[in-house]
Amino acid sequence: MPADRTSTSSHPRTTELAGLKIRLHSALRQYPDFPSPGVLFEDILPIFSDARLHQDLVRALEIQVLDCYGQDNKPDVLVGLEARGFLFGPSLALRLGAGFVPVRKQGKLPGSTETAKFVKEYGEDHFQIQRDAIKPGQKVIVVDDIIATGGSAAAAGSLVTKLGGKLHGYLFLLELDFLKGREKLDAPVYTLLSSQ
Ligand SMILES: O=P(O)(O)OC[C@H]1O[C@H](OP(=O)(O)OP(=O)(O)O)[C@H](O)[C@@H]1O
Ligand SMILES: Nc1ncnc2[nH]cnc12
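Residues numbered from 1 in each chain as written. Chains lettered and ligands numbered in written order. Predicted model: local features only at pLDDT ≥ 70, side-chain atom pairs only at ≥ 80, totals over all residues. Heavy atoms only, no water.

**Structural notes on the site of ligand 1**
- In the vicinity of ligand 1 there are 16 residues, among which Lys120, Asp144, Asp145, Thr149 and Ser152 approach most closely.
- At 3.3 Å, a side-chain N or O of Lys105 approaches an oxygen atom of ligand 1.
- Contacts to ligand 1 include Lys120, whose side-chain N or O atom sits 2.5 Å from an oxygen atom.
- Counting only elements with at least two residues in the shell around ligand 1, the list comes to β7 (139–147) and α4 (151–162). (Near = heavy atom within 4 Å. Polar contact = N/O pair within 3.5 Å; in protein donor to acceptor, adjacent residues only side chain to side chain. Helix = DSSP H or I, 4+ residues; strand = E, 2+ residues; numbered from the N terminus.)

This is how it looks when you write it as structure tokens:
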């Protein structure tokens with residue numbers, strides 16, 4: 001009898017995810033004192049210059065969402081943060097059959113917008129979202145590359161709830177645990193990798 005390749009057991013997916021995480025973690029690069037003294041900058045860009053790693057990333061995030069939410073409770077919309085959240089947010093949204101909505105730095109989005117100020121690990125800024133981008137009651141996950149102090153993600157989450165979206169959670173490629181950013185977020189937080 002042929003092997004059942006359509007098995008719904010979570011075990012093969014868990015094993016697959018573990019392998020993907022190892023490859024992704026080894027692709028990250030660190031730059032001390034960038035962009036300011038005392039900051040250890042985690043560079044995720046090597047993942048995108050390698051087609052296989054790029055595929056690994058989108059697959060790993062897809063597994064993470066399916067494992068955390070299940071097929072029946074997938075998000076309606078992914079909200080990605082400028083700029084690095086735009087690198088994989090749209091591809092992940094397509095995989096999940098969800099919409100993609102950008103949160104941009106102030107002054108970049110036309111039409112009616114909502115604004116939230118935030119402070120991040122190395123500075124402060126304002127985020128904006130288009131008012132009609134999310135319909136009341138839609139299930140939304142905020143996605144970004146890195147959670148450091150959590151200021152950026154918290155501001156994005158506040159924009160989602162201002163528009164009436166249901167904040168389903170947050171998803172990051174990398175968490176800088178020691179900055180305890182997840183304590184600023186009041187919805188479930190999922191991360192693929194962590195860094196001390
Ligand atoms: O958790 P926090 O302390 O808020 O920091 C995390 C944010 O900082 C980085 O973005 P950055 O504002 O540097 O913009 P970029 O993506 O345009 O480089 C990163 O991509 C996150 O969005
Ligand atoms: N240490 C860090 N490395 C890369 N991106 C960041 N965003 C905020 N802190 C960061």
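**Considering the environment of Asp50**
- Take Asp50: it is sitting in the loop between β2 (40–43) and α2 (51–69).
- Judged by relative accessible area, Asp50 falls into the partly exposed class, the value being 32%.
- Residues Asp50 and Ala187 lie 137 residues apart in sequence; the distance between their C-alpha atoms is 32 Å.
- One polar contact links the side chain of Asp50 to the main-chain amide nitrogen of Arg52, over a distance of 2.9 Å. (Buried < 20%, exposed > 50% of the residue type's maximum accessible area, 1.4 Å probe, protein only.)

**Observations concerning unusual backbone geometry**
- Of note, the bond from Phe34 into Pro35 is cis; its omega dihedral lies within 30 degrees of zero at 0°.
- Along the chain, Pro35 turns up in the loop between β1 (29–32) and β2.
- Look at the link from Glu82 to Ala83: it is a cis peptide, with omega at -5°.
- With respect to the element layout, Ala83 can be found in the loop between β3 (77–81) and α3 (89–96).
- A positive phi is found at Lys180, a non-glycine position, where the angle reads about 55°.
- Note on placement: Lys180 falls in the loop between β8 (166–176) and β9 (189–195).

**Section: the UniProt feature "domain: Phosphoribosyltransferase" (unreviewed entry) in the protein chain**
- Here, UniProt's "domain: Phosphoribosyltransferase" (unreviewed entry) annotation points to residues 58–190.
- The distance from the first to the last C-alpha atom of residues 58–190 is 15 Å, and the span holds 24% helix and 38% strand. (UniProt positions renumbered as here; feature names shortened; annotations may be inferred.)

**A closer look at the side chain of Glu62**
- Relative to the helices and strands, Glu62 is located in helix α2.
- We classify Glu62 as buried; its relative accessible area is 12%.
- Polar contacts involving the side chain of Glu62 include one to the side chain of Arg59, which spans 3.1 Å.
- Other than its neighbours up to four places away in sequence, Glu62 contacts Leu92, Arg95 and Leu96. (Contact = heavy atoms within 4.5 Å.)

**A look at α4**
- Compared with the 16 Å implied by 1.5 Å per residue over twelve residues, the 17 Å span of α4 between its first and last C-alpha is a close match.
- The set of residues buried in α4 consists of Gly151, Ser152, Ala153, Ala155, Ala156, Gly157, Leu159 and Val160.
- Close packing links the buried residues of α4 with β3, β4 (99–105), β5 (113–120), β6 (123–130), β7 and β8.
- Phi turns positive, to about 90°, at Gly164, one or two residues after α4. (Expected span 1.5 Å × (residues − 1).)

**Points about the pairing of β9**
- Taken across its seven residues, β9 has five buried, putting it largely inside the fold.
- Relative to β9, β8 is paired through six bridges, and the arrangement is parallel. Considered in β9, the bridge of Tyr170 is made with Val189. (Pairing = 2+ DSSP bridges.)

**A closer look at the packing of α2 against α3**
- Contact geometry of α2 with α3 gives a least axis separation of 10 Å together with a crossing angle of 50°. By the angle between their directions, the pair α2 and α3 is classed as oblique. When the axes of α2 and α3 are compared, the crossing they make is right-handed. Listed contacts from α3 to Val58, Arg59, Leu61, Glu62, Val65 and Leu66 of α2 are Ser91, Leu92, Arg95 and Leu96.
- Considered class by class, the residues forming the contact of α2 with α3 number six nonpolar, one polar and three charged. (Axes fitted to C-alpha atoms, helices over the stretch in contact; angles between N-to-C directions. Parallel < 35°, antiparallel > 145°, perpendicular 65-115°, else oblique. Left-handed = near helix turned anticlockwise from the far one by under 90°. Nonpolar A, V, L, I, M, F, W, Y, C, P; charged D, E, K, R; others polar.)

**Remarks on the sheet that holds β8**
- Pairing is mixed in the open sheet, where seven strands are placed in the order β5-β6-β4-β3-β7-β8-β9. On the outer flanks of this sheet lie β5 and β9, each paired with one strand and no other. For this sheet, the mean inter-axis angle between neighbouring strands, taken without regard to orientation, is 25°.
- Note: β5 against β6, eight bridges, orientation antiparallel. The residue of β6 that forms the bridge with Lys120 is Gly123.
- Its contacts with the sheet place α2 against β7, β8 and β9, and it is angled at close to 135° to β9.
- Against the sheet, α4 touches β3, β4, β5, β6, β7 and β8, its axis set at about 160° to β5.

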